[in-house]
Amino acid sequence: MSVSKMKLRGLNKEVKDKTFSLLQEFIVGRSPQCDLFITDLQASRRHTRFFRDSVGAYKVEDLGSSNGTYFNGVAIHEPKVLHNGDIIRLGSTEFIVVVPKEASATIVSGGFSTTHFKRSATDILGQMESGRIQNLSTLDTSSGSELKKVLEQKNRQFQALYDMSRLVQEYTDPEEMIAVALKKLLEMLGGDNAYLLMVKDDSSLELRSSQTVSGKSASDFRISKTLTHHVIDEKCAVVAPDLLNDQRFNSSKSIIMSASRSILAVPMIFGNIAKGMVALSGEEVLDSSQQEDLELLCICVSIIGPALRNLDLSKEIEETQREVLYTMGSIGETRSKETGNHVKRVAEYSKLLALLSGLDEPRAELLKQASPMHDIGKVGIPDRVLNKPGKLDAEEWTIMQTHARLGFDMLNHSTRPILKAAAIVAHEHHEKWNGRGYPRQLMGEDIHIYGRITAIADVFDALGSDRCYKKAWPLEKILELFKREKGEHFDPNLVELLFQHLPKFLEIRDKFVDIVDS
């Protein structure tokens, strides 16, 4: 490549839109003795050197400056070979490397190479938060077309910011949010496929989600080490409008999707660590540099990332909460020498019966999570009563009945929905439809639906399990009891649902069968 043909074009500040031909050696800094003297207060006196090496390659190096020289958004510590479209920043002054059309087959559109463009994602976002606003005040307002173009770009960015912010707030399930967000990105930016890759704890990568434009077949997925190095390791946003003619990706093994011809990719950064990346791929070569699209993708991923992290944390908290509830519920069962699988079966029975009775999925799931705590109050019952092998006398029965109130008192102070539901279950699962239950002798629908459902789930499982005071009943005997107690002990409508869908309940029983130690 001819040195005389390689140029720098200023992108901002005092050098904006000015072009400088690179010589055999070209030094930029705040000293008047430099080949290019700039007044940028963040630049050192001799800041950056451009030079041609012994084999004719043109390079850039930092001259020990205070604030560093950045090559495509990454601080350099050794000379870097220059290519058309590279972005160089020293202090707060930016340049782009330009090779005119007559000197290279590389097409330059809007100052960015269509075959080589990469920038630090944090630089892009930082510039959009501050530098871009300043650029509006330095525009040549006599050029109406330039002002209109910038304002249109700003409007598109703000609209993308609004749309994506609104979208991610509508979902509580992280996988649903990701799927919809990727579809929205394809709608906004084009392309055929959208992918989210995440870094696992062992530093390997996994494909967490992918979306394809309607009517298109999904491309075969392959992780490109070259692409992930640029995007995740270097935390850079990358555009490759023509993969097959891009020196970085011209090997078929390093193209992320076998059918792809173009890629936009940006890192998903948490704190200062890239924990994943979003990539949009297309089967067609892009006809422009797509710098603006890359900026929009950076904006959107900067919104998706924190939203995803928050949803993942919420899900982890919910799962931990559920595990704690199961464990606490099992403590009560263990004290009465019952199995931990009892609480699991009761939870599954309760959710199934809740859905069959017409409760929506969130309420049914809440009951499933809360029902393991139905007998937590038994931790306050003396062993001599709790584990008595024979029938309880009147005094002992009175003591046993207090476990419902004890469980309620333990849980009711919490404002958490799961624990509030668990308090209801603990308090009311021994109430009877006919008003003869305990502890408050509630009747009919005055008993909360959670209590009525758990009552059936608990008795159905308890009768079919060995206890210290009895052997498991055969199924026929259990069903006979429910027929007799329909409308007496139990809600008659819920008993009907149990009978109508009995195979589903038996499937749960078989799945969580008790394991007896030999």
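Coordinates for the structure precede this section.
Reading the values: the criteria
- Residues numbered from 1 in each chain as written.
- Predicted model: local features only at pLDDT ≥ 70, side-chain atom pairs only at ≥ 80, totals over all residues.
- Heavy atoms only, no water.
- Salt bridge = Lys/Arg side-chain N within 4 Å of Asp/Glu carboxyl O.
- Helix = DSSP H or I, 4+ residues; strand = E, 2+ residues; numbered from the N terminus.
- Buried < 20%, exposed > 50% of the residue type's maximum accessible area, 1.4 Å probe, protein only.
- Contact = heavy atoms within 4.5 Å.
- Pairing = 2+ DSSP bridges.

Student: I tried to follow the pattern of salt bridges on my own but got confused; where do I start?
Tutor: Following the criterion strictly, the structure yields 18 salt bridges and no others. A salt bridge links Glu175 to Arg208; the nearest nitrogen and oxygen atoms lie 2.7 Å apart. Note that Glu175 is positioned in helix 3 (residues 174-189) and Arg208 in strand 16 (residues 205-212), a separation of 33 residues in sequence. One salt bridge in this structure joins Lys351 and Glu361, with 2.8 Å as the shortest N-O distance. Of this pair, Lys351 sits in helix 6 (residues 340-356) while Glu361 sits in helix 7 (residues 361-370); the two residues are 10 residues apart in sequence, bridging distant segments of the chain. If you follow the salt bridges from partner to partner, you end up with Glu25, Arg49 and Glu61 in one network.

Student: It is not clear to me how the side chain of Thr48 should be interpreted in this structure. Could you clarify?
Tutor: In this structure, Thr48 sits in strand 5 (residues 48-52). Since its relative accessible area comes to 0%, Thr48 is described here as buried. Look past the residues within four positions of Thr48 in its chain and what remains in contact with it is Phe26, Ile27, Val28, Val60, Glu61, Leu63, Thr69 and Leu90.

Student: Just to check I follow, could you spell out the sheet that holds strand 7 (residues 69-71) for this structure?
Tutor: Strand pairing in a sheet relies on backbone hydrogen bonds. The paired strands run either parallel or antiparallel. Judged by pairing direction, the sheet is antiparallel, and its 6 strands sit side by side in the order 2-1-11-10-7-8 without closing on themselves. Strand pairing shows two members of the sheet lacking a second neighbour, strand 2 (19-21) and strand 8 (74-75), which therefore form its edges. Inspection of the sheet shows strand 1 (residues 7-10) paired to strand 11 (residues 93-98) by 4 bridges, in the antiparallel sense. For Lys7, the partnering residue across the bridge sits in strand 11 and is Val98.

Student: Would you mind showing me how to read the pairing of strand 16 here?
Tutor: The two faces of the sheet receive side chains in turn, since in a regular strand these alternate between them. Sheet topology note: the strand 15 (residues 193-199)/strand 16 ladder contains 7 bridges and is antiparallel. By the bridge assignment, Leu197 is partnered in strand 16 with Leu207. Hairpin connection from strand 15 to strand 16: 5 residues lie between these consecutive antiparallel strands, with Ser203 at a positive phi of about 75°.

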